[in-house]
Amino acid sequence: MTAPRLTLPSPAKLNLMLHILGRREDGYHELQTIFQFLDYGDEITFAVRDDGVIRLHTEFDGVPHDSNLIVRAARQLQEQSGCPLGIDIWIDKVLPMGGGIGGGSSNAATTLLGLNHLWQLGWTEDRLATLGLTLGADVPVFVRGHAAFAEGVGEKLTPVDPEEPWYLVLVPQVSVSTAEIFSDPLLTRNTPPIKVRPVPKGNSRNDCLPVVARRYPEVCNALNLLGKFTEAKLTGTGSCVFGGFPSKAEADKVSALLTETLTGFVAKGSNISMLHRKLHSLF
Ligand SMILES: C[C@](O)(CO)[C@H](O)COP(=O)(O)OP(=O)(O)OC[C@H]1O[C@@H](n2ccc(N)nc2=O)[C@H](O)[C@@H]1O
Ligand SMILES: Nc1ncnc2c1ncn2[C@@H]1O[C@H](COP(=O)(O)OP(=O)(O)OP(=O)(O)O)[C@@H](O)[C@H]1O
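Residues numbered from 1 in each chain as written. Chains lettered and ligands numbered in written order. Predicted model: local features only at pLDDT ≥ 70, side-chain atom pairs only at ≥ 80, totals over all residues. Heavy atoms only, no water.

**Student:** Residues and numbers for the overall build of the protein chain, please.
**Tutor:** Counting its regular elements, the protein chain contains nine helices and 10 strands. Here the C-alpha coordinates of the protein chain stretch approximately 55 × 45 × 35 Å along the principal axes. Residues classed as buried in the protein chain amount to 51% of the 283 residues present. Sequence-distant contacts, at least 24 apart, represent 75% of the contacts inside the protein chain between residues at least 6 apart. Just so you have it, the protein chain exposes about 13,100 Å², and 53% of that area is on carbon and sulfur atoms. Separation of charge centres in the protein chain, based on 26 positive and 30 negative side chains, amounts to 4 Å. (Helix = DSSP H or I, 4+ residues; strand = E, 2+ residues; numbered from the N terminus. Buried < 20%, exposed > 50% of the residue type's maximum accessible area, 1.4 Å probe, protein only. Contact = heavy atoms within 4.5 Å. Areas by Shrake-Rupley, 256 points an atom, 1.4 Å probe, with all protein chains shown as cover. Lys, Arg positive; Asp, Glu negative; His and termini not counted. Charge placed at Lys NZ, Arg CZ, Asp CG, Glu CD.)

**Student:** So what about the UniProt feature "domain: GHMP kinase N-terminal" (unreviewed entry) in the protein chain? Which residues, and what values?
**Tutor:** When the UniProt feature table is mapped to this numbering, "domain: GHMP kinase N-terminal" (unreviewed entry) covers residues 68-145. The span residues 68-145 is 56% helical and 9% strand by assignment, and the distance between its end C-alpha atoms comes to 22 Å. (UniProt positions renumbered as here; feature names shortened; annotations may be inferred.)

**Student:** Help me get a handle on a nonpolar patch on the surface, residues and values and all.
**Tutor:** Nonpolar side chains collect at one region of the surface, where Leu-225, Phe-229 and Leu-257 lie side by side and expose about 270 Å² of accessible area between them. Mapping Phe-229 onto the fold places it in the loop between α7 (217-226) and β8 (233-234). (Patch = residues over 30% accessible without salt bridge, like charges linked within 9 Å, V, L, I, M, F, W, Y side chains within 5 Å. Salt bridge = Lys/Arg side-chain N within 4 Å of Asp/Glu carboxyl O.)

**Student:** Got a sec to walk through the nonpolar core? Specific residues and values, please.
**Tutor:** A general tendency of soluble globular proteins is for nonpolar side chains to be buried together. Core analysis: the biggest nonpolar cluster contains 37 residues, and Leu-77, Leu-112 and Val-143 have the highest contact counts within it. Not counting chain neighbours up to four residues away, the residues in contact with Leu-77 comprise Leu-112, Leu-115, Asn-116, Trp-119, Leu-121, Trp-123, Leu-128 and Leu-131. Counting 26 residues, the second largest nonpolar core, distinct from the first, contains Leu-18, Cys-208, Leu-226 and Leu-258. (Core = buried A, V, L, I, M, F, W, Y, C linked by side-chain atoms within 4.5 Å.)

**Student:** Summarise the site of ligand 2; cite the residues concerned and give the values.
**Tutor:** If you check the shell around ligand 2, you find 20 residues, and the closest are Asn-68, Leu-69, Gly-100, Gly-104 and Asp-138. Interatomic distance of 2.9 Å between a side-chain N/O atom of Asn-68 and a nitrogen atom of ligand 2. Protein chains bury 80% of the 620 Å² of accessible surface belonging to ligand 2 in isolation. The leading source of residues in the shell around ligand 2 is helix α2 (residues 103-118), at four residues. (Near = heavy atom within 4 Å. Polar contact = N/O pair within 3.5 Å; in protein donor to acceptor, adjacent residues only side chain to side chain.)

**Student:** Describe in detail the site of ligand 1, supporting the description with residues and values.
**Tutor:** Around ligand 1, the surrounding shell holds 16 residues, and the nearest of these are Asn-15, Tyr-28, His-29, Ala-137 and Asp-138. At 3.2 Å, a side-chain N or O of Lys-13 approaches an oxygen atom of ligand 1. Expressed as a share of its isolated accessible area of 640 Å², the protein-covered part of ligand 1 is 81%. Residue composition of the shell around ligand 1, by class: eight nonpolar, six polar and two charged. Viewed by domain, the shell around ligand 1 spans two of them, domain 1 (5-160) and domain 2 (166-270), each represented by three or more residues. (Nonpolar A, V, L, I, M, F, W, Y, C, P; charged D, E, K, R; others polar. Domains from an automatic or database assignment.)

**Student:** I'd love a proper account of the pairing of strand β7 (residues 166-171), names of residues and values included.
**Tutor:** β7 sits mainly inside the fold: five of its six residues count as buried. The sheet contact formed by β7 and strand β9 (residues 241-245) spans five bridges and is antiparallel. Bridge pairing in β9 links Val-169 to Phe-242. Where β7 lies against strand β10 (residues 263-270), six bridges are found, and the strand directions are antiparallel. Considered in β10, the bridge of Leu-168 is made with Val-266. (Pairing = 2+ DSSP bridges.)

What follows is the structure in structure tokens.
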């Protein structure tokens with residue numbers, strides 16, 4: 001008998017603003033950022049195995065099987081829960097890697113929530129988010145599934161409900177290493193913390209932008225192009241650049257001007273992740 005399969009979405013995120021407040025002793029940076037999800041992402045399919053083996057069947061360019069965040073998330077959960085079951089995994093990957101839209105972190109979170117369900121572990125979101133943080137600073141927000149104002153290294157989350165516009169996301173043909181941007185000596189690391197809640201309008205700056213734009217002319221070009229139509233912003237450490245539009249039709253109109261050298265996609269902003277919407281529909 002073949003095992004039942006479960007397919008779950010693994011959405012992208014945007015950083016609507018990103019301030020860097022300082023650097024901790026372990027090298028990680030204290031941030032203030034607002035995360036919002038996109039109704040756009042990868043799809044991961046899971047099928048339970050009873051022999052304990054964890055296997056990702058889809059190959060990734062440049063990412064060995066055992067280093068993939070999907071496999072690392074599954075192994076950690078198996079080890080910490082003592083679950084004797086295994087899993088076969090396939091992914092339909094559409095999110096660019098090193099794009100600042102959280103693809104790897106989202107894949108890890110979808111794996112944690114999917115396996116918690118399929119292996120019937122009954123772990124709370126708190127416990128899954130704590131495990132997730134050991135895999136990446138962005139994993140907890142994907143585990144929680146609600147748009148959030150984030151502090152610390154991105155793990156102290158307060159749910160927020162910003163507007164949900166249509167976005168055009170431009171994908172420059174470069175992969176930006178997050179570690180490289182955070183180690184640049186010219187990075188602004190002393191932005192004063194915002195103490196007022198909700199975050200007042202006008203705080204939409206991304207402190208990584210000057211460093212990323214100087215190192216990657218492709219990102220600069222994308223910002224200049226999109227900036228002709230709407231406020232153009234960088235997400236995370238890039239490379240992706242995004243801007244909001246009041247309707248899908250208006251975002252599509254600008255998207256139609258893109259060429260092969262600079263591609264992009266149109267997606268709706270969402271304060272509830274499509275992963276959580278799908279999981280709720282299962283119960
Ligand atoms: C910049 C953001 O994309 C904003 O959403 C995230 O904070 C990055 O999250 P992420 O990709 O999950 O990052 P991680 O995989 O945890 O870290 C990658 C590298 O970025 C640097 N890093 C990351 C997050 C952070 N708050 N401070 C850092 O200095 C560290 O050098 C780390 O080795
Ligand atoms: N399942 C995965 N999907 C994407 N990248 C992965 C995955 N597993 C491991 N990686 C590694 O993680 C790196 C960062 O990938 P990711 O797509 O999360 O970057 P990002 O969009 O810049 O993320 P963030 O916004 O969290 O910084 C990749 O370059 C790749 O080497």
